[in-house]
Amino acid sequence: MAKTKRKAVKKKAVRGYVGRPMKRVEDPRLIKGIATYVDDLKLPNVLHAEFVRSPHAHAKIKAIHTDAAKKHPGVVGVFTGADLNDKVGAIPCASPLPGGKSPEHTVLAGARVYFVGHPVAVVVAEKRAIARDALDLVEVDYEPLPAVIDPEKALEKGSPLTHPELGTNVAFTWSLPAGDVDGAFKKADKVLKLRIVHPRLTPMALEPRGCAASWHAGEASLTLWTSTQVPHLIRTLLPGLIRIPENKLRVVAPEVGGGFGSKLNLYAEEVVVSHLAIRLNRPVKWIEGRRENASATIHGRDQIGLNEVAIRKDGTVLAIRSKTIADVGSYCQLLTPAIPTLTGVMLPGCYKLKAVRMDITGVHTNKMCTDAYRGAGRPEAAYIIERIMDLVAAELGLDPVQVRLKNMPKPAEFPFKTVTGQLYDSGNYQAALKKAQELAVWPKLLKQRDAARKAGRLFGIGLSTYVEICALGPSKAMAAGGWEWGCVRIEISGKVTVITGATPHGQGQETSFAQIAADKLGVPIEDVVVFRGDTATAHYGRDTYGSRATALGGTAIVMSIDKIIEKAKTLAAALLKSTSKKVEFKDGRFFVKEKPKNSIGWTQLASEAYIAKNLPPGFEPGLEASSFFEPSNCTFPFGTHIAAVEVDRDTGQVKIVKYVAVDDCGKQVNPLLIEGQVQGGIAQSIGAALMEQTVYDESGQLLTGEFMDYAIPRATDIPDFVLGSTVTPSPSNPLGVKGVGEAGTIGSTPAIANAVVDALSPLGIRHLDLPFTPERVWRAIQQKGGRP
Amino acid sequence: MNIPVKIRVNGTLQESEVEPRLLLVQFLREACGLTGTHVACETSVCGACTVLVDGKSVKSCTMLAVQADGSEVTTVEGLSHDGKLHAVQESFWECHGLQCGYCTPGMIMTAVQLLERTRSPSRDEIRHALEGNLCRCTGYLHIVDAIEQAAKKGGA
């Protein structure tokens, strides 16, 4: 199979960085092994923290014996909930729903433990190895209680309760009634039913979490280094919890080894480590182990949906009615309740549904909390609607492509308002579908399937025409601001400093933001440095999640540069003995139109602006501007993914024979980085489709607690992809960009699922739940007798 | 009781007294201050800690420092010489073979070993060689591209 093809782009001299596949400026430190992740920090006199964690899913804590651990040489202290919980605030949920019920989320367990991995006590020692040794010396007397594991059973009468004091396992309910649902179902020729299970997934960023805190007693201020996507959200939330003022806290996200939503949170360990650094007046560091990461860092997905679909004979999908159970785990973390609501909002996908009703019940169970994992509610929505499209086609004997085309809005209908209230900013879904079919050589692929079936082989083709919601998002829709901040400074030497409040952590915005700034200022990209991830330099920010950094953070930089250019025109006018209205700016030079050869560049202007001997009256020295960009709308990237698979009838093994993706993320700043995001997203999606599932047994033991048991794709699992794109600029921001961080994860799983079900369809199989492990597929084949 | 070890790391002799249980990766990170070698799984599955011991790639989270006594160890920090990147490092950069960078040092060391054994591996051979290294960001394809490119350029 051909490897991913990329068009060669000729290098230009200085201008025109945007749109070019440029290699990254952040890479040299990473490929040399000299980057600084949290665990690489060297803090003088540092102490090491390790957490005692519950081995039970649900138990009463009868006693905690810490004496032996405290006496262990090198141990500085052992702290339990009784020592700590009243000294710090509880872990917040930023997205509670009205009427929701969740218990106070104390940083360490109180009278009970609620999940395997629940932190019960923390040991602080001079060395990490000593702290680990001392963990074994902390004895906890547990009285095991019945655990709530199955979210459906949790709703039955007489079920044990995750949190007995709440009197219910229901964490929240939420309804989205949109359009005339009953009317649509009355008009339907047919009603289809589809139960869909979205398995629980573990994000498994390669770098586990970790943090280190240092108390500066003289200034009464704290620095927290933490492996997070959201240093600014932490700076907003943490000060109240550890009882210091916001302006006495600096949060630094140093190099971060992957997040995928799992580091979009404020975690108990960050609060405990910060508190202990103050309490012990010494730096404290904690590095998560892989088993801790699998058990006590958020999980994703885990929804069960009963979907009813109202359809017409011609393939028109009128309405969807969905009753969804979301297994939220033991507590609500930062965005837990918001995730399934996003599924409801995006349920119509890229189709003109007349009505949608989604009723969500969030259920507490004795498991780790679910929260945002790459896609965060949107992969679930895309999966439901794209499975439905194939089901409709199968039911009516129609072509899945035609069913999709029949229900899509036409390009002229944009901006397109969905029945759930979203205004899709721009789109041409038909063009992406057409291009994907061309790249897949569709007629040939169909012939290949026919030939395989004639030979008795299980060969299937699946497609997914997805749309997602990105660039989150207008502040009115967000808990604490949906804007982004950026600052640009022309230094006295003429070099350019860009500071972004978005916090990229591997996506490459140190490069793509430099491309944007260099183009806009007309300077060589080598003169631009981008800073991120430190609240002491990036004063404001709402960070990186929901594919928002370039659309929002990039725009804040553009706005700041516009302000600087306006200001610089005044100074240039004075130096050119003209007026600012007559001064023009092009390619990094300021000049009066009639005398373009008599021009001034940034180096001279910056020098004048800071040395300040020749400033016009009233001109404020310096060349710096910052901006908040408040978007008017989200962006709605889209695309078509096509998968062809072959299933081994004897083993149930699914092999991806062909994979084509056409993604439209609006204007492209750096196609190389976009390709990387798409490839990585598809790979995670292949994991979700074929191998990944977080498993707790009936007693609540986590069976997928490390890479030995939780399978993420390896290099041999990922075939070469054929990638393409269409470009439909977004009107929601001046860059015209939409976001691409989650596209692969959203568009891909349904394409693979549809292909697998298509492959199995000669056996009479209409649906199969994820993941399509060999065992599950083999059993499904066996149930149908193994032969078509 | 601590045990004396002598390990030549990236050409420099490191002499130290270590606990018998100290892992090679901890020795490299803590005693030698070479933090390019990462820990991500602690069970030898993910390969982020891959280094070369006497020329063979080894997962340094499952080898004790005392087992490496008398050995020559090369870490990612030892690959570039006189400011010039190793061909594999160069090609990872060119091909966008990394995103968060956490698995990258292990990936690079594995690739170096592969190219020392096989001059022009096929894409499937490259994939096979990477089976012991996990990456959650890239989807591996740019890594395979990078190793293919490094091979074409001569590998070292």
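Here the structure is a predicted model, which is why all the values come from computation and not from measurement.

**Q** So, the overall build of chain A: which residues are in play, and what are the values?
**A** A tally of regular secondary structure across chain A gives 19 helices and 28 strands. Relative to the globule expectation of 28 Å for 788 residues, the C-alpha radius of gyration of chain A, 28 Å, shows essentially globular dimensions. The principal-axis extents of the C-alpha atoms in chain A amount to approximately 90 × 75 × 50 Å. Considering chain A as a whole, with its 788 residues, one finds that 58% of them fall into the buried category. Counted over contacts in chain A with a minimum sequence separation of 6, partners at least 24 positions apart contribute 80%.

**Q** With reference to specific residues and values, describe the overall build of chain B.
**A** Check the secondary structure of chain B and you find 5 helices and 5 strands. Listed N to C, the secondary structure of chain B is β-β-α-β-β-β-α-α-α-α in terms of helices and strands. With the principal axes as the frame, chain B shows a C-alpha extent of 50 × 30 × 25 Å. Sorting the 156 residues of chain B into buried and exposed places 60% on the buried side.

**Q** Go over the confidence of the model for chain A with me, naming the residues and quoting the values.
**A** The predicted coordinates ought not to be read in detail in places where the model reports low pLDDT. In the predicted model, chain A carries a mean pLDDT of 96, and 98% of its residues have values of at least 70. Scored below 50 in pLDDT, residues 1-14 of chain A makes 15 contacts in the model with residues more than four places away or belonging to other chains.

**Q** So what about the domain arrangement of chain B? Which residues, and what values?
**A** All names here are of chain B. Considered domain by domain, chain B is made up of domain 1 (3-75) and domain 2 (87-152). Computed over C-alpha atoms, the centres of domain 1 and domain 2 are 21 Å apart. At the junction of the two partners, domain 1 supplies 13 residues and domain 2 supplies 10 residues. Sorting elements by how many residues they give to the side of domain 1 that touches domain 2 places strand 3 (residues 50-53) first, with 3 residues. Among the residues making up the side of domain 1 that touches domain 2, the classes are represented as 7 nonpolar, 6 polar and no charged.

**Q** Outline the interface of chain A and chain B, supporting the account with residue identities and numerical values.
**A** Listed per partner, the contact involves 44 residues of chain A and 43 residues of chain B. When residues of the side of chain A that touches chain B are assigned to their parent elements, the largest contribution, 7 residues, is made by helix 17 (residues 671-690) of chain A. Classifying every residue of the side of chain A that touches chain B by side-chain character gives 20 nonpolar, 12 polar and 12 charged.

**Q** Pulling in residues and values, what's your account of the sheet that holds strand 14 (residues 317-329) of chain A?
**A** Residues and elements named next belong to chain A. The 5 strands lie next to each other as 7-15-14-13-8, forming an open sheet whose pairing is mixed. Strand pairing shows two members of the sheet lacking a second neighbour, strand 7 (170-178) and strand 8 (190-201), which therefore form its edges. Going from strand to strand, the sheet's axes swing by 10° on average, the running direction of each strand aside. Across 8 bridges, the pairing between strand 7 and strand 15 (residues 355-364) is antiparallel. Counterpart to Trp174 in the pairing with strand 15 is Ile360. In this fold helix 9 (residues 338-345) packs onto strand 7, strand 13 (300-311), strand 14 and strand 15, with an angle of close to 165° to the strand it touches most, strand 15. Running at roughly 145° to strand 8, helix 10 (residues 378-396) makes contact with strand 8, strand 13 and strand 14 of the sheet.

**Q** Give a detailed account of the domain arrangement of chain A, specifying residues and quantitative values.
**A** Residue and element names in this part refer to chain A. For chain A, the assigned domains are domain 1 (38-145 + 204-296), domain 2 (300-472 + 633-783) and domain 3 (483-629). Centre-to-centre, using C-alpha coordinates, domain 1 lies 40 Å away from domain 3. Tallying the contact residues gives 16 residues for domain 1 and 14 residues for domain 3. Contributions of two or more residues to the side of domain 1 that touches domain 3 are made by helix 6 (231-242) and strand 11 (249-252). The dominant element in the side of domain 1 that touches domain 3, judged by the number of residues it contributes, is helix 6, at 4 residues. Broken down by class, the residue content of the side of domain 1 that touches domain 3 amounts to 9 nonpolar, 5 polar and 2 charged.

**Q** Before we move on, could you go through the sheet that holds strand 4 (residues 112-113) of chain A and cite the residues and values that matter?
**A** Residues and elements named next belong to chain A. Spatially, the 3 strands line up as an open sheet ordered 4-2-6, and their pairing is antiparallel. Edge strands, defined here as strands with exactly one partner in the open sheet, are strand 4 and strand 6 (139-144). The sheet contact formed by strand 2 (residues 59-65) and strand 6 spans 6 bridges and is antiparallel. If you follow His65 over to strand 6, its bridge partner there is Glu139.

**Q** Which residues make up the nonpolar core, and what values go with them?
**A** Residues and elements named next belong to chain A. Within the largest apolar cluster, 307 residues are counted, with the highest numbers of intra-cluster contacts made by Val123, Ala517, Val645 and Val756. The biggest single contributor to this core is helix 15 (residues 549-575), with 11 residues. Leave out the neighbours within four places in its chain, and Val645 touches Gly460, Val654, Lys655, Ile656, Val657, Ile752, Ala755, Val756 and Ala759.

**Q** Could you give me a rundown of the packing of helix 3 (residues 104-117) of chain B against helix 5 (residues 141-152) of chain B, with the residues and numbers involved?
**A** Residue and element names in this part refer to chain B. Taken N-terminus to C-terminus, the directions of helix 3 and helix 5 make an angle of 40°; their axes are 11 Å apart at the nearest point. Judged on the interaxial angle alone, helix 5 and helix 3 are oblique. In the crossing of helix 3 with helix 5, the sense of the turn from one axis to the other is right-handed. From helix 3, Met107, Ala111, Leu114 and Leu115 reach across to helix 5, where they touch Ile143, Ile147, Ala150 and Ala151. Here the residues of the contact of helix 3 with helix 5 sort into 8 nonpolar, no polar and no charged.

**Q** Before we move on, can you summarise the environment of A:Met358 with the specific residues and values?
**A** All names here are of chain A. Residue position: Met358 is located in strand 15. Judged by C-beta crowding, with 25 C-beta atoms within 10 Å, Met358 ranks as buried. In this structure the C-alpha to C-alpha distance between Met358 and Pro337, which are 21 residues apart in sequence, comes to 14 Å. Leave out the neighbours within four places in its chain, and Met358 touches Leu176, Ser322, Thr324, Gly344 and Leu347.

**Q** Could you give an account of unusual backbone geometry, with specific residues and numbers?
**A** Residue and element names in this part refer to chain A. Residue Pro415 follows Phe414 across a cis peptide bond; omega there is 0°. With respect to the helices and strands, Pro415 occurs in the loop between helix 11 (400-407) and strand 16 (416-417). Look at the link from Leu770 to Pro771: it is a cis peptide, with omega at -10°. Within the fold, Pro771 resides in the loop between helix 18 (743-760) and helix 19 (774-783). The backbone of Asn45 sits at a positive phi, close to 65°, despite the residue not being glycine. Tracing the chain through its elements places Asn45 in the loop between helix 1 (27-31) and strand 1 (47-53). We classify Asn45 as exposed; it has 9 C-beta atoms within 10 Å. Of note, the phi angle at Ala612 is positive, near 65°, even though the residue is not glycine.

**Q** Give me the packing of helix 14 (residues 509-521) of chain A against helix 15 of chain A: which residues, what numbers.
**A** Residues and elements named next belong to chain A. Look at helix 14 against helix 15: their axes get within 10 Å of each other, and the N-to-C directions meet at 30°. The angle between helix 14 and helix 15 places the two elements in the roughly parallel class. Handedness of the helix 14/helix 15 crossing: right-handed. Judged by residue contacts, Gln509, Ser512, Phe513, Ile516, Ala517, Lys520 and Leu521 of helix 14 engage Ala549, Thr550, Gly553, Gly554, Ile557, Val558 and Ile561 from helix 15. Considering only residue class, the contact of helix 14 with helix 15 consists of 8 nonpolar, 5 polar and 1 charged.

**Q** Can you tell me about helix 11 of chain A, naming the residues and giving the values?
**A** Residues and elements named next belong to chain A. If you check which residues of helix 11 are buried, you get Pro400, Val403, Arg404 and Asn407. The buried residues of helix 11 occupy an angular sector of 95° when the element is viewed end-on, so they sit on one face. Buried residues belonging to helix 11 abut strand 14, helix 10, helix 12 (429-439) and strand 18 (458-467).

**Q** Tell me about the pairing of strand 27 (residues 654-664) of chain A, and name the residues and values.
**A** Residues and elements named next belong to chain A. For strand 27, the tally of buried residues reaches 10 of 11 residues, placing the bulk of the element in the interior. Pairing of strand 26 (residues 638-647) with strand 27 involves 10 bridges; the strand directions are antiparallel. Residue pairing across strands places Ile642 opposite Val660, the latter belonging to strand 27. Taking the residues that link successive antiparallel strands as the turn, the strand 26-strand 27 hairpin has 6 residues, and the phi of Gly652 there is positive, at about 80°. Pairing analysis gives 4 bridges linking strand 27 to strand 28 (residues 722-725), with the strands arranged parallel. Paired with Val660 across the strands is Val722, a residue of strand 28. Handedness of the β-α-β unit built from strand 27, helix 17 and strand 28 comes out right-handed.

Conventions adopted
- Residues numbered from 1 in each chain as written.
- Chains lettered and ligands numbered in written order.
- Predicted model: local features only at pLDDT ≥ 70, side-chain atom pairs only at ≥ 80, totals over all residues.
- Helix = DSSP H or I, 4+ residues; strand = E, 2+ residues; numbered from the N terminus.
- Rg over C-alpha atoms; globule rule 2.2 N^0.38 Å.
- Buried ≥ 20, exposed ≤ 12 C-beta atoms within 10 Å, placed from the backbone.
- Contact = placed C-beta atoms within 7 Å.
- pLDDT = per-residue confidence, 0-100.
- Domains from an automatic or database assignment.
- Nonpolar A, V, L, I, M, F, W, Y, C, P; charged D, E, K, R; others polar.
- Pairing = 2+ DSSP bridges.
- Axes fitted to C-alpha atoms, helices over the stretch in contact; angles between N-to-C directions.
- Core = buried A, V, L, I, M, F, W, Y, C linked by C-beta atoms within 7 Å.
- Parallel < 35°, antiparallel > 145°, perpendicular 65-115°, else oblique.
- Left-handed = near helix turned anticlockwise from the far one by under 90°.
- Arc of directions from axis to C-beta.
- Right-handed = clockwise from strand over helix to strand, strands pointing away.

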